[in-house]
Amino acid sequence: MLHLFFDPLLYGFVFLGLFTPGPNVIMLTASGARFGFWRTLPHLFGVVVGVGITAGVTAMGVGAAVQASSLLNLILRLGAGGFILWMAWGLWRASGRPRAADGPDAKPLSFRGAVLFQWINPKVWAVAFAASAGYGAGQVAWFEAARLATAFSSLNLLVCLFWTGAGTLLTALLAAPRAWKVFLRIMAVLLGFTALLVFR
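Residues numbered from 1 in each chain as written. Predicted model: local features only at pLDDT ≥ 70, side-chain atom pairs only at ≥ 80, totals over all residues. Heavy atoms only, no water.

Section: the nonpolar core
Reasoning step 1: Ranked by internal contacts, the top residues of the largest apolar core, which has 45 residues, are L10, V14, L91, F152, F183 and L191.
Reasoning step 2: Listed by contribution, the elements that provide at least two residues to this core are α2 (8–19), α3 (23–35), α4 (37–59), α6 (70–92), α7 (111–117), α8 (122–134), α9 (141–173) and α10 (177–197).
Reasoning step 3: Here the element with the most residues in this core is α9; it accounts for eight residues.
Reasoning step 4: Beyond its immediate stretch of four places on either side in the chain, V14 contacts A131, A151, F152 and L155. (Core = buried A, V, L, I, M, F, W, Y, C linked by side-chain atoms within 4.5 Å. Buried < 20%, exposed > 50% of the residue type's maximum accessible area, 1.4 Å probe, protein only. Helix = DSSP H or I, 4+ residues; strand = E, 2+ residues; numbered from the N terminus. Contact = heavy atoms within 4.5 Å.)

Written out as structure tokens, the structure is:
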């Protein structure tokens, strides 16, 4: 049973799917650079938990229901696109000084916000749906859900730690206000671009 639970093909696919740039990667890298590693941890753990939940419910058949309902699919896409653009706008307007306060409302995404975002994160749904369809073990639904949730959360923890750490290290290279501003605006554009990919 363990060899089904820890399938190397499933883990390889999930790792590649989550490691490549998408909304979570861009947001965590920017947050690590902007707020520091420790302040970004609630956001990071929210992503890890939220991705696991999304993968688990996908294996239970929710992913197929979302794909089958054009209205639900459109609502999720509109929600995802709007939220991503709102986050991108916040990055675009952020201060040109590393670790600046950016005003009293500037703070990393909360644990709860990061968990909930995964429900409208198109990349996570796509990877979870593909993993469920292509790497299923043919077991009962609860086993498939636990299997996918474990793969997604455990691998995503490593991915999130890497990108948050990378963002934190970038701060030392972006000491000049102009370089920092350029970095944040590049991240904002990349994040905004992922909103367009929601509707492809």
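Regarding the packing of α4 against α9
Reasoning step 1: At a minimum axis distance of 8 Å, the contact between α4 and α9 shows a crossing angle of 155 degrees. Here α9 runs roughly antiparallel to α4, going by the angle between their axes. As α4 runs across α9, the sense of the crossing is right-handed.
Reasoning step 2: In terms of residue class, the contact of α4 with α9 is built from 16 nonpolar, eight polar and one charged. (Axes fitted to C-alpha atoms, helices over the stretch in contact; angles between N-to-C directions. Parallel < 35°, antiparallel > 145°, perpendicular 65-115°, else oblique. Left-handed = near helix turned anticlockwise from the far one by under 90°. Nonpolar A, V, L, I, M, F, W, Y, C, P; charged D, E, K, R; others polar.)

Focus on α3
Reasoning step 1: Taking 1.5 Å per residue as the helical rise, α3 with its 13 residues ought to reach 18 Å, and the 17 Å between its terminal C-alpha atoms agrees with that figure.
Reasoning step 2: The element α3 is largely enclosed, with a buried count of 13 among its 13 residues.
Reasoning step 3: G36 occupies a position one or two residues after α3 and carries a positive phi of about 95 degrees. (Expected span 1.5 Å × (residues − 1).)

Comments concerning the confidence of the model for the protein chain
If pLDDT is low for a region, its predicted coordinates should not be looked at in detail.
Reasoning step 1: Mean pLDDT over the protein chain stands at 81; residues scoring 70 or higher make up 84%.
Reasoning step 2: Summarising per-element confidence for the protein chain, the mean pLDDT is lowest in helix α1 (residues 2–5) (58) and highest in α7 (95). (pLDDT = per-residue confidence, 0-100.)

Thoughts on the environment of T150
Reasoning step 1: Tracing the backbone shows T150 in helix α9.
Reasoning step 2: With relative accessibility at 29%, the residue T150 sits in the partly exposed group.
Reasoning step 3: Along the sequence, T150 and V49 sit 101 residues apart, while their C-alpha atoms lie 9.9 Å from each other.

Notes on a nonpolar patch on the surface
Reasoning step 1: On the surface, F45, V49, I53, F111, L116 and W119 cluster together to form a nonpolar patch covering roughly 500 Å² of accessible area.
Reasoning step 2: Within the residue set of the nonpolar patch, elements represented by two or more residues are α4 and α7.
Reasoning step 3: Broken down by element, the nonpolar patch gets its largest block of residues, three residues, from α4.
Reasoning step 4: Considering the arrangement of structural elements, one finds L116 in helix α7.
Reasoning step 5: The exposure class assigned to L116 is partly exposed, which follows from its relative accessible area of 47%. (Patch = residues over 30% accessible without salt bridge, like charges linked within 9 Å, V, L, I, M, F, W, Y side chains within 5 Å. Areas by Shrake-Rupley, 256 points an atom, 1.4 Å probe, with all protein chains shown as cover. Salt bridge = Lys/Arg side-chain N within 4 Å of Asp/Glu carboxyl O.)

With respect to α2
Reasoning step 1: Under the 1.5 Å per step criterion, the end-to-end length of α2 is 16 Å for twelve residues, consistent within 8% with the ideal 16 Å.
Reasoning step 2: Residues of α2 that are buried: L10, Y11, V14, G17 and L18. Angular distribution of buried residues about the axis of α2 spans 135 degrees; they occupy a single face of the element. The exposed set on the far side of α2, more than 90 degrees from its buried face, consists of P8, L9 and L16. (Arc of directions from axis to C-beta.)

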